[in-house]
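# Observations on chain architecture
Residues per chain are reported as follows:
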Amino acid sequence: MVLLALNPLSKGVAISEMLILLLAIAFVGFFLGRWVVNTQNASLKRQLADTADELDDCQK
């Protein structure tokens, strides 16, 4: 029950709470950004493979 004994109005506790929230949001943003980039990358690879297949068909 150490957390209940902390004074939320003290400067140190307020700063540490802000840093913890900032780090949590940064991690969520980082992983969300990686997911978006990986999804786009997979889509581009699929399009490139389809285009290469079409090019092979045209060359035949």
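Everything that follows concerns the structure shown earlier in this document.
### Observations concerning the environment of V13
Mapped onto the fold, V13 is located in helix 1 (residues 11-59). For V13, a relative accessible area of 14% puts it in the buried group. Excluding anything up to four places from it in sequence, V13 contacts L6, N7 and P8.

### Some details on the packing of aromatic side chains
Per the counting criterion, the structure on display carries one aromatic pair. When the centroid spacing of 5.3 Å and the interplanar angle of 70° are considered together, the rings of F30 and F31 count as edge-to-face.

### Focus: the environment of P8
Position of P8 among the secondary structure elements: in the segment before helix 1. P8 gets classed as exposed once you look at its relative accessible area, which sits at 51%. Along the chain, P8 and E54 lie 46 residues apart, while their C-alpha atoms are 64 Å from each other. When near neighbours in sequence (up to four residues on either side) are disregarded, P8 contacts V13 and A14.

Scoring rules and cut-offs
Residues numbered from 1 in each chain as written. Predicted model: local features only at pLDDT ≥ 70, side-chain atom pairs only at ≥ 80, totals over all residues. Heavy atoms only, no water. Helix = DSSP H or I, 4+ residues; strand = E, 2+ residues; numbered from the N terminus. Buried < 20%, exposed > 50% of the residue type's maximum accessible area, 1.4 Å probe, protein only. Contact = heavy atoms within 4.5 Å. Phe/Tyr/Trp six-rings, centres within 6.5 Å; stacked < 30°, edge-to-face > 60°.

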